[in-house]
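Residue-level structural notes
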Amino acid sequence: MERIPVLKISDFLIVTIQVALDDESALKLQEDILEEIAKTKAKGLLIDITAVDIVDSFMGRMIRDIARMARLMGPPTIVVGMQPAVAITLVELGLKMTGVSCALNLEKGLLMLKEMVEAKEREERTLEAEETEGYEAGA
Amino acid sequence: MERIPVLKISDFLIVTIQVALDDESALKLQEDILEEIAKTKAKGLLIDITAVDIVDSFMGRMIRDIARMARLMGPPTIVVGMQPAVAITLVELGLKMTGVSCALNLEKGLLMLKEMVEAKEREERTLEAEETEGYEAGA
Amino acid sequence: MRQVLEEVAVRNNTDIVTARNSVRTHAKQIGFGLVDQSRIATAVSELARNIVVYAKSGKVEIAKLNEDSKKGIEVVCEDNGPGIPDIEQAMSEGFTTGGSLGMGMPGTKKLMDAMDVWSEAGKGTRITIRKFLK
Amino acid sequence: MRQVLEEVAVRNNTDIVTARNSVRTHAKQIGFGLVDQSRIATAVSELARNIVVYAKSGKVEIAKLNEDSKKGIEVVCEDNGPGIPDIEQAMSEGFTTGGSLGMGMPGTKKLMDAMDVWSEAGKGTRITIRKFLK
Ligand SMILES: Nc1ncnc2c1ncn2[C@@H]1O[C@H](COP(=O)(O)OP(=O)(O)O)[C@@H](O)[C@H]1O
Ligand SMILES: Nc1ncnc2c1ncn2[C@@H]1O[C@H](COP(=O)(O)OP(=O)(O)O)[C@@H](O)[C@H]1O
């Protein structure tokens, strides 16, 4: 089983997925990340999938769920580096990634995450708006 | 039946759920909280679920509904201390927690709640200034 | 080998709490981690509530599975209530005759590794769920 | 002309990864671009997972199609599992007996140019998917 490291850099947790993850390792990663959030009291979570060239419904759902789960504990999540081919495939597949914030690369993602953490206090109104639009679960 | 205390600390209501709540006690707590909001004119509500290790669809819905109901009365709500295992279970279960703001712990939750209350008051002042009549409640 | 660990009578709201706490304790002893403990206890909470709401009373039997190949937990939730007329419908998300979320049955399936539903009109319902140690 | 390039045995989670990576490599060699490589590999990942989840084990056969009129890739995912009782239902979005998303079969259809499903109760399932070079 592959074990992906979860790094803390300043206030953020950074997870870089560099190998093809099997389903079991993906679920383990999910648990690891949430435990690290609890342990390190991180303010935000960044998942870097630049190196991932296949995201099927299982993996896509896992990424989405991590974002939703992290939000229930507090920290906002950003996914960075999704390859164009992966983005096309996920949309064609029909997977709803509602509630997952994305950025082009690590640098932009970190900037965005900082702003998300700052803006989190103003979250109330956004959520309200999303809700009236029939916005989906948890993120 | 378990009775959970609802404490007022400065402008906030603080509810700490420390025992396993049966459904009836959970509904009673919901009522108690809303009554306390009306009675004490609290500006914000914080629910601490650090000690809760099982949240099923009933309990999850109740927490979500308290946040939604409180907002209809005015005060923003924040849920703090959700355990990683609980966050994972709730998302896998499929419960939509849209509209519930979360924070890692009491300290971060209180800070966030303060800012939420301030943001809300700023906004209300703006709205009041803009609209002299026909203003509807529940911003 | 299947070894019955405990049987919890389910007749009211407090029994739902007892059932889920018992299951959690046994799951822990069997060797499940925190997340699986939460999944299993939550699933049992959903099914025990359905017993109280739809069948008034029933029981939850907690057993340890100790096959050479598969070790884990099995929980049987049983009642002599009205039964479920259309199981497929009951398993689909959002379906409820109780005005609640309709999330208990499909949610339980997602949280567990296996779920068998037996039901006969007028006779009752027996739902068996299993989770295996990885 | 149909030329078999590789056969991957599928029995566990790791085999799913092997199957999708092999297919990707062959798709690339056949001449598919990055997006089609991703589509084909993702489709195979969905079908290989279904083999593991619903049939325990099976195989994935990767072949090159080299007709004068149509060149491309064909992948046959085969198992001796329980079979799919209602194929139309299985092909519809959100339908699952496994508590997952119910998106694998309809999603695969969307990603590929052609998809044939053969299944017989108790005998197994054989799903053939094709993608052609444009
Ligand atoms: N033990 C039971 N006896 C009879 N009917 C049941 C039982 N459990 C579930 N059902 C039926 O299945 C439906 C779906 O159950 P569930 O998914 O748990 O949602 P909910 O409990 O919110 O209605 C219920 O509304 C009820 O009609
Ligand atoms: N190889 C297979 N053997 C038996 N049943 C299958 C197989 N593949 C798919 N199915 C059935 O078709 C349903 C739909 O599959 P799919 O759309 O991939 O969604 P999911 O795998 O999330 O359930 C499955 O839930 C299962 O009942």
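Everything numeric in this text was worked out from a predicted model, so none of it was measured. (Residues numbered from 1 in each chain as written. Chains lettered and ligands numbered in written order. Predicted model: local features only at pLDDT ≥ 70, side-chain atom pairs only at ≥ 80, totals over all residues. Heavy atoms only, no water.)

Further remarks concern the overall build of chain A. On a plain count of helices and strands, chain A comes out with five helices and five strands. In chain A, buried positions account for 55% of the 139 residues. Across chain A, every contact between residues at least 6 apart in sequence was considered, and the portion connecting residues at least 24 apart equals 76%. Here chain A displays about 5,800 Å² of accessible surface, and carbon together with sulfur accounts for 55% of that area. (Helix = DSSP H or I, 4+ residues; strand = E, 2+ residues; numbered from the N terminus. Buried < 20%, exposed > 50% of the residue type's maximum accessible area, 1.4 Å probe, protein only. Contact = heavy atoms within 4.5 Å. Areas by Shrake-Rupley, 256 points an atom, 1.4 Å probe, with all protein chains shown as cover.)

All names here are of chain C. Near ligand 1 there are 18 residues, and of these Asn50, Tyr54, Thr96, Thr97 and Ser100 occur at the shortest range. Between ligand 1 and Leu101, the relevant distance is 3.5 Å, taken from an oxygen atom to a main-chain nitrogen or oxygen of the residue. Counting only elements with at least two residues in the shell around ligand 1, the list comes to helix 2 (34-55) and helix 4 (104-111). A total of three residues in the shell around ligand 1 trace back to one element, the largest contributor, which is helix 4. Across the shell around ligand 1, the residue classes tally to eight nonpolar, nine polar and one charged. (Near = heavy atom within 4 Å. Polar contact = N/O pair within 3.5 Å; in protein donor to acceptor, adjacent residues only side chain to side chain. Nonpolar A, V, L, I, M, F, W, Y, C, P; charged D, E, K, R; others polar.)

All names here are of chain D. In the region of ligand 2, 18 residues are neighbours, and Asn50, Tyr54, Thr96, Thr97 and Ser100 sit closest. In the environment of ligand 2, a nitrogen atom lies 2.9 Å from a nitrogen or oxygen atom belonging to the side chain of Asp79. Here ligand 2, which alone exposes 530 Å², has 93% of that area covered by the protein. Tallying contributions element by element places helix 4 (residues 104-111) first for the shell around ligand 2, with three residues. Partitioned by chemical class, the residues of the shell around ligand 2 number eight nonpolar, nine polar and one charged.

Our focus in this paragraph is the sheet that holds strand 3 (residues 71-79) of chain C. Residue and element names in this part refer to chain C. With antiparallel pairing, five strands are arranged side by side in an open sheet as 1-2-3-5-4. Only two strands of the sheet have a single neighbouring strand rather than two, namely strand 1 (2-10) and strand 4 (114-120). In this sheet, neighbouring strand axes are inclined to one another by 15° on average, regardless of whether the strands run parallel or antiparallel. In this sheet, strand 5 (residues 124-132) lies alongside strand 3 in antiparallel orientation, the contact comprising eight bridges. When the sheet's bridge partners are listed, Ile73 is paired in strand 5 with Lys131. Here helix 1 (residues 13-30) sits on the sheet in contact with strand 1, strand 2 (58-66) and strand 3, set at roughly 160° to strand 1. Packed onto the sheet, helix 4 meets strand 4 and strand 5 and runs at close to 145° relative to strand 4. (Pairing = 2+ DSSP bridges. Axes fitted to C-alpha atoms, helices over the stretch in contact; angles between N-to-C directions.)

Between its first and last C-alpha atoms helix 1 (residues 23-40) of chain B spans 26 Å; for 18 residues at 1.5 Å apiece the expected length is 26 Å, and the two agree. Turning to helix 1 of chain B, its buried residues are Asp23, Ser25, Ala26, Leu29, Gln30, Asp32, Ile33, Leu34, Glu36, Ile37 and Thr40 of chain B. Elements that come into contact with the buried residues of helix 1 of chain B comprise strand 1 (6-9), strand 2 (12-16), strand 3 (44-48) and helix 2 (57-73) of chain B together with helix 1 and helix 2 of chain C. (Expected span 1.5 Å × (residues − 1).)

Each partner contributes residues to the interface: chain C has 24 residues there, and chain B has 21 residues. For the pair chain C and chain B, the two sides together bury roughly 1,900 Å², of which 55% comes from carbon and sulfur. The tally of links from chain C across to chain B stands at five salt bridges. Notably, a salt bridge pairs Glu92 of chain B with Arg39 of chain C, separated by 2.6 Å at the nearest N-O pair. Here the side of chain C that touches chain B is built from residues that sort into eight nonpolar, 10 polar and six charged. (Buried area = accessible area lost by both parts, 1.4 Å probe. Salt bridge = Lys/Arg side-chain N within 4 Å of Asp/Glu carboxyl O.)

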